[in-house]
Amino acid sequence: MPSALVFDHISKHFGSARALEDVSFSLEPGEILGLVGPNGAGKTTAMQIATGFLLPGSGTGTLMGHSFGQASARRYLGFVPDAPVFFGGNAFDALRFAAQLSDVTPTREAMEGLLRRVGLLEWKRDVRRFSRGMQQRLALALALIHGPKMLILDEPASALDPQGVLDVRNLLKELRSEGAAILLSSHQLGEVAVVSDRIAFLHEGRLMRYGRLEELLKSTGEMTIALRNFMPDAEFRAQWGEAIAPGTWKTPASDVRRFLETAWTRGAELVSVTPMHGDLSSLFLEWTSSEATTR
Amino acid sequence: MKSLRIARQLLWANRWLWLVLVLYPWGMAAILLIGNIHPAPEDIAAIFMQQSTYGLALVAFAGGALLGNEQRSRRIVLVLSRAVSRRQYLAALWLAAFLPLLLYVLDLALTAPLLGAPADVLSQTLGALLLLSLTLASLAVLASLALPGVIAGILSLGMVSLPLLFPPGWQIAQTRLLQILLSGPITENARLVFGSGLLEGLALSAAIFEGAVRIFKRRDLRLKSE
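Residues numbered from 1 in each chain as written. Chains lettered and ligands numbered in written order. Predicted model: local features only at pLDDT ≥ 70, side-chain atom pairs only at ≥ 80, totals over all residues.

A. Local environment of the overall build of chain A. Along the backbone of chain A there are eleven helices and 13 strands. On the principal axes, the C-alpha backbone points of chain A span a range of 75 × 40 × 35 Å. The proportion of buried residues among the 295 residues of chain A is 39%. By sequence separation, contacts in chain A at least 24 residues apart represent 70% of the contacts at least 6 residues apart. (Helix = DSSP H or I, 4+ residues; strand = E, 2+ residues; numbered from the N terminus. Buried ≥ 20, exposed ≤ 12 C-beta atoms within 10 Å, placed from the backbone. Contact = placed C-beta atoms within 7 Å.)

B. Spotlight on the interface of chain B and chain A. Every contact between the two is made by 23 residues of chain B and, on the other side, 25 residues of chain A. Of all the secondary-structure elements, those providing two or more residues to the side of chain B that touches chain A are α1 (2-13) and α4 (75-80) of chain B.

C. Structural context of the packing of helix α6 (residues 119-144) of chain B against helix α8 (residues 173-183) of chain B. All names here are of chain B. At a minimum axis distance of 9 Å, the contact between α6 and α8 shows a crossing angle of 135°. It follows from the interaxial angle that α6 and α8 lie oblique. Our pair here, α6 against α8, has a crossing hand that is left-handed. When α6 is examined against α8, the residues Gln124, Thr125, Ala128, Leu129, Leu131, Leu132 and Thr135 are found in contact with a partner set consisting of Gln174, Leu177, Leu178, Ile180 and Leu181. For the contact of α6 with α8, the class distribution of residues is eight nonpolar, four polar and no charged. (Axes fitted to C-alpha atoms, helices over the stretch in contact; angles between N-to-C directions. Parallel < 35°, antiparallel > 145°, perpendicular 65-115°, else oblique. Left-handed = near helix turned anticlockwise from the far one by under 90°. Nonpolar A, V, L, I, M, F, W, Y, C, P; charged D, E, K, R; others polar.)

D. Representation of the domain arrangement of chain A within the structure. What the domain assignment lists for chain A is domain 1 (5-212) and domain 2 (221-276). Taken over C-alpha atoms, the centre of domain 1 of chain A sits 46 Å from the centre of domain 2 of chain A. (Domains from an automatic or database assignment.)

E. Fine view of the sheet that holds strand β10 (residues 206-212) of chain A. All names here are of chain A. Pairing is mixed across the open sheet formed by six strands, whose spatial order is β6-β7-β8-β3-β9-β10. Sheet topology places β6 (77-80) and β10 at the edges, where each strand pairs with a single neighbour. The mean inter-strand angle of the sheet, taken between neighbouring strand axes irrespective of direction, is 15°. Examined bridge by bridge, strand β3 (residues 32-36) and strand β8 (residues 181-185) share four bridges and lie parallel to one another. Paired with Ile32 across the strands is Ile182, a residue of β8. Where helix α1 (residues 43-50) meets the sheet, its contacts fall on β3, β7 (150-154), β8 and β9 (198-203), and the angle it forms with β7 comes to roughly 150°. Most of the contacts of helix α6 (residues 162-177) go to β8, to which it runs at about 150°, and overall it touches β3, β7 and β8. (Pairing = 2+ DSSP bridges.)

F. Quick look at the nonpolar core. Residues A:Ala141, B:Val59 and B:Ala97 are the most contacted members of the largest nonpolar core, which totals 145 residues. For this core, the leading source of residues is α6(B), giving 15 residues. Residues in contact with B:Ala97, not counting those within four places in the same chain, are B:Val59, B:Ala62, B:Gly63, B:Leu66, B:Ala137, B:Ala140 and B:Val141. Counting residues in hydrophobic clusters, the runner-up holds five residues, among them A:Ile225, A:Leu227, A:Trp249 and A:Ala268. (Core = buried A, V, L, I, M, F, W, Y, C linked by C-beta atoms within 7 Å.)

G. Structural detail: helix α2 (residues 15-34) of chain B. Residues and elements named next belong to chain B. In this model α2 runs 27 Å from its N-terminal to its C-terminal C-alpha over 20 residues, within 8% of the 28 Å that 1.5 Å per residue would give. Approximately 40° is the largest bend angle found in α2, and it occurs at Tyr24, with the proline Pro25 only one to four residues beyond. Those residues of α2 that sit buried are Leu21, Pro25 and Ala29. For α2, the secondary structure elements touched by its buried residues are α3 (41-73) and α5 (86-115). Phi for Asn36, located one or two positions after α2, is positive at around 55°. (Expected span 1.5 Å × (residues − 1). Bend = angle between axes of the 7 residues up to and from the residue.)

Here it is as structure tokens:
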């Protein structure tokens with residue numbers, strides 16, 4: 001089975017502005033990839049290239065084995081844009097139109113079932129009069145009407161209430177278990193962390209971090225060291241900073257040995273050395289600031 | 001089939017504009033009939049021919065504006081994120097520009113006899129309008145790929161009128177159709193002019209449309225970011 005989504009050294013520039021630079025990653029069936037990055041990082045550009053709205057400047061990509069931009073590729077794709085828009089009519093009209101464009105003819109019962117699945121219970125009103133949250137639920141239903149194998153979701157829960165966010169989370173997990181591949185972009189990093197198998201961090205068009213979330217969380221590169229029977233003197237504090245908690249210091253992994261030697265010569269006893277585990281939000285801030293300083 | 005479905009949605013989305021344009025001939029007829037105004041036959045013919053040229057403007061400005069509107073509103077995302085090719089999408093734009101003209105022509109065909117417009121003026125003018133609009137719709141769609149709606153409309157009207165500038169030996173059937181639309185019916189070789197006009201219109205329209213598809217396939221959509 002081919003990868004659901006492949007970005008192979010894709011670059012995209014708008015005039016002199018770099019939107020994406022040599023970005024490569026892949027997404028397998030039954031996997032959720034969280035695409036994160038600050039505003040202007042290139043997330044939307046990447047998604048618009050995958051959907052065929054934008055053409056890559058260089059590099060190639062495939063969606064379910066078909067080149068980006070081919071209508072045949074989008075037969076397998078469900079896309080939820082950040083700001084869904086509709087032609088009008090009620091929810092069934094919108095679903096029917098979307099289904100026709102995807103070469104399927106769902107029954108009324110199937111459409112009702114889908115609307116219930118995304119938590120949309122208002123069916124008769126003109127969809128353009130829906131609240132933003134209802135429109136997001138409807139956009140999810142439209143994306144799922146043809147049973148896609150690949151989903152690209154751009155902020156799918158940004159306008160939803162906490163229950164809605166939970167519903168979307170559960171829905172994504174269900175879809176993953178059904179074998180769908182999902183590319184998820186969101187600023188709700190807690191949600192991304194909960195559902196994603198892998199994370200791709202984009203910054204100024206470059207893919208800076210890519211891997212399984214737990215590995216990325218381990219790779220903060222910092223350790224916490226707990227000591228006892230130790231009162232640091234001024235020289236030690238000047239060298240290693242203040243404790244982050246009583247008897248506990250944070251230090252880069254590469255400095256652990258030097259830290260311990262310094263502490264031992266002052267009579268400290270080691271309690272533990274453990275890798276620091278952050279959450280995605282703190283990693284995001286760390287990555288963003290570190291990329292900004294290394295520029 | 002998909003193109004027709006998309007076109008139907010586009011027409012429904014812009015239904016108030018089409019409705020006004022389609023009702024216009026009835027409004028004009030009502031003013032003349034209810035106001036008990038009795039223009040001379042040649043004035044009737046002139047009014048009718050003028051109304052027919054508005055049909056060209058309808059196709060040009062609709063065809064020129066649709067793509068920009070759909071990109072601005074981002075409804076194009078709803079369509080092109082599905083199994084719809086760019087060719088099918090442009091075909092939908094073409095249909096959405098051309099189909100209202102059929103209604104407009106039908107309106108004119110129904111209202112003109114009420115006013116006493118001569119039958120030859122009626123048939124030849126409406127025929128010329130329809131055949132010229134085949135090419136015009138493609139030109140408008142092509143121009144809309146690069147230009148804002150109004151400018152695309154004006155440019156496509158200019159382009160479709162270009163055959164009027166051809167020297168006598170180089171005139172094509174489109175030239176004769178334009179002359180019919182602007183100056184009145186012809187008496188000689190009418191069948192030949194309309195037959196060749198149909199073939200020429202279909203060929204030109206297809207060639208221009210194909211060019212538009214090739215360009216559109218190589219272009220990014222212009223989507224406003226949120």
